[in-house]
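Next come the chains, spelled out residue by residue.
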Amino acid sequence: MGLPPLGLLLSLCCVSGLPFYNGFYYSNSPHGWNPGKGHGEGIFNGVKLVVETPEEILFSYRGANVTLPCRYHYEPAVVSPRPVRIKWWKLSENGAPEQDVLVAIGLRHRAFGDYRGRVHLWQEREREVSLEIRDLKLEDYGRYRCEVIDGLEDESGLVELELRGVVFPYQHPQGRYQFNFHEAQWACEEQDAVVASFEQLFRAWEEGLDWCNAGWLQDASVQYPITQARHPCGGLGLAPGVRSYGPRHRRLHRYDVFCFAAALRGQVYYLEHPEKLTLAEAKEACQEDGAQIAKVGQLFAAWKFHGLDRCDAGWLADGSARYPVAHPRRNCGSLEPGVRSFGFPDPHSRKYGVYCYRPR
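Everything in this summary refers to the structure shown in the same document. The shown structure was predicted, so the numbers you read here are calculated from the model rather than taken from an experiment.

Quick notes on the rules
Residues numbered from 1 in each chain as written. Predicted model: local features only at pLDDT ≥ 70, side-chain atom pairs only at ≥ 80, totals over all residues. Heavy atoms only, no water. Disulfide = S-S within 2.5 Å. Helix = DSSP H or I, 4+ residues; strand = E, 2+ residues; numbered from the N terminus. Buried < 20%, exposed > 50% of the residue type's maximum accessible area, 1.4 Å probe, protein only. Pairing = 2+ DSSP bridges. Axes fitted to C-alpha atoms, helices over the stretch in contact; angles between N-to-C directions. Salt bridge = Lys/Arg side-chain N within 4 Å of Asp/Glu carboxyl O. Phe/Tyr/Trp six-rings, centres within 6.5 Å; stacked < 30°, edge-to-face > 60°. Lys NZ or Arg CZ within 6 Å of the ring centre and 35° of its normal. Arc of directions from axis to C-beta. Contact = heavy atoms within 4.5 Å.

**Remarks on the state of the cysteines**
Inspection of the entire model under this criterion finds five disulfides. Covalently, Cys70 is tied to Cys146 through a disulfide, its sulfur atoms 2.0 Å apart. One quick way to see it: the torsion about the S-S bond of Cys70 and Cys146 is about -75°, and its sign makes the bridge left-handed. Note that Cys70 is positioned in the loop between strand S6 (66-68) and strand S7 (71-75) and Cys146 in strand S13 (residues 142-150), a separation of 76 residues in sequence. Each member of the pair Cys70 and Cys146 is classed as buried. Between the sulfur atoms of Cys286 and its disulfide mate Cys356 the distance is 2.0 Å. An S-S torsion of about -85° defines the bridge between Cys286 and Cys356 as left-handed.

**Comments concerning the pairing of strand S14 (residues 153-163)**
Most of S14 sits inside the fold, with 11 of its 11 residues counted as buried. Pairing between S13 and S14: nine bridges, direction antiparallel. Of the residues in S14, the one forming a bridge with Cys146 is Gly157. Hairpin connection, S13 to S14: the antiparallel pair is bridged by two residues, and Gly151 has positive phi, about 60°.

**What about the sheet that holds S6?**
For sheets, the rule is that strands pair by backbone hydrogen bonds, running either parallel or antiparallel. Within the open sheet, the three strands sit side by side as S6-S12-S11. Their pairing is antiparallel. Edge strands, defined here as strands with exactly one partner in the open sheet, are S6 and strand S11 (119-122). Pairs of neighbouring strands in the sheet enclose a mean axial angle of 30°, with direction left out of account. Where S6 and strand S12 (residues 130-133) come together, three bridges link them in antiparallel fashion. Residue pairing in the sheet places Thr67 in a bridge with Glu132 of S12.

**A look at unusual backbone geometry**
In the segment running from Glu75 into Pro76, the intervening peptide bond is cis, with an omega of -5°. Tracing the chain through its elements places Pro76 in the loop between S7 and strand S8 (85-90). Despite not being glycine, Tyr177 has its phi angle at roughly 55°, a positive value. Look at Tyr177 and you get partly exposed, because its relative accessible area is 22%.

**Regarding the pattern of salt bridges**
Considering all chains together, one arrives at 16 salt bridges under this definition. In this structure, the salt-bridge partner of Glu183 is Arg254, at a minimum N-O distance of 2.7 Å. Residue Glu183 is located in helix H2 (residues 181-190), and its partner Arg254 is located in the loop between strand S19 (241-247) and strand S20 (256-262); the two are separated by 71 residues in the primary sequence. Overall, the relative accessible area of 32% leaves Glu183 in the partly exposed class.

**Observations concerning the packing of aromatic side chains**
Aromatic ring pairs are reported here in terms of the distance separating the ring centres and the angle at which the planes meet. Considering all chains together, one arrives at 17 aromatic pairs under this definition. Between Tyr170 and Phe179 the ring centres are 6.3 Å apart and the planes differ by 15°, which places this aromatic pair in the stacked class. A residue is classified by how much of its surface remains accessible, and Tyr170, at 6% relative accessible area, is buried. Here a set of aromatic residues connected by ring pairs shows up, and it is made of Tyr177, Phe181, Trp216, Tyr224, Tyr245 and Tyr255. The ring of Trp89 has Lys87 lying over it, and the distance from NZ or CZ to the ring centre is 4.2 Å.

**Focus on helix H3 (residues 198-206)**
Every buried residue of H3 is listed here: Gln200, Leu201, Ala204 and Trp205. All buried residues of H3 project into a common sector of 140° when viewed along the axis, lining one side. If you follow the buried residues of H3, they end up packed against S14, strand S15 (165-170), strand S18 (221-226), S19 and S20. Just downstream of H3 lies Gly208, where phi reads positive at about 115°.

**A look at the sheet that holds S13**
Taken in spatial order, the six strands line up as S5-S14-S13-S8-S9-S10 in an open sheet, and their pairing is mixed. Each end of this open sheet is capped by a strand with a single partner; those strands are strand S5 (58-60) and strand S10 (108-111). Each neighbouring strand pair of the sheet contributes to a mean axis angle of 20°, computed without reference to strand direction.

What follows is the structure, encoded as structure tokens:
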């Protein structure tokens, strides 16, 4: 089947009873869905349409450019070029609707939402329809589907994108178990982070994260990672692992939260200052130095990816006082690397310095 003229597609969008999407026509083909990774394939007129995407997870960094590979071919090979339509969208991760990313018909491309101006098709080779995303944002990680539509047949493949980052537990200034799910989302965003996914928490547990307080995850489940079994954390009879309370009510139940902060492009540093500062003075001192007071997610990312190591506690934007230790030593907290916390001191006290963040 040839490709209908674009004017016909647009004029049909208002006809009831036809399966349309964003003004583009899509058939209800029984072969149109491939739920797994890798490639999908469909058969029409003895010719098989095959869409190929990578099996492995792609890793990148916030602020970077990344290409999500996708190619298609026919078996047996088709010599003459065939008009196709391409659709990229991001799959839902948390009960939210799927996000349209890009639709293309011939030379006409349309990007959607926050992807406008940041995405385009990468077509270096014949029948390559890879998606390039520029200036990656924290929210860009997840699973993307590449769909190729040829007439009444459509096949798709899945690409999974993950950002390099660090998972950290976060607690309300008034103590443990104060956030409902929506407040937890806001709290992570305020710290230049997002609520972590289960996969991110599991990877952090594999790298040694051990935390006894349960926290929200992106899917609204509540879990906590244990590497050393002990009585206060489920008892000695349970093996180490990520323990789950299961899905909880998003408004009524209250817990801590596990946040995910991506690697930084800027610099976090301890401001050398002749005196200790109050919280207000700390914010002002960073501004006078051409920077801003650092957020918790930024401090964790600097510790994780830039080896920030300082034994001096300093104010952060949320009113907490912390310090990062990449190389444990005597008189500098515990013998494990990590970001140490003094909680949320009196903002008027002059016992701490400040950590600043300067974007690049």
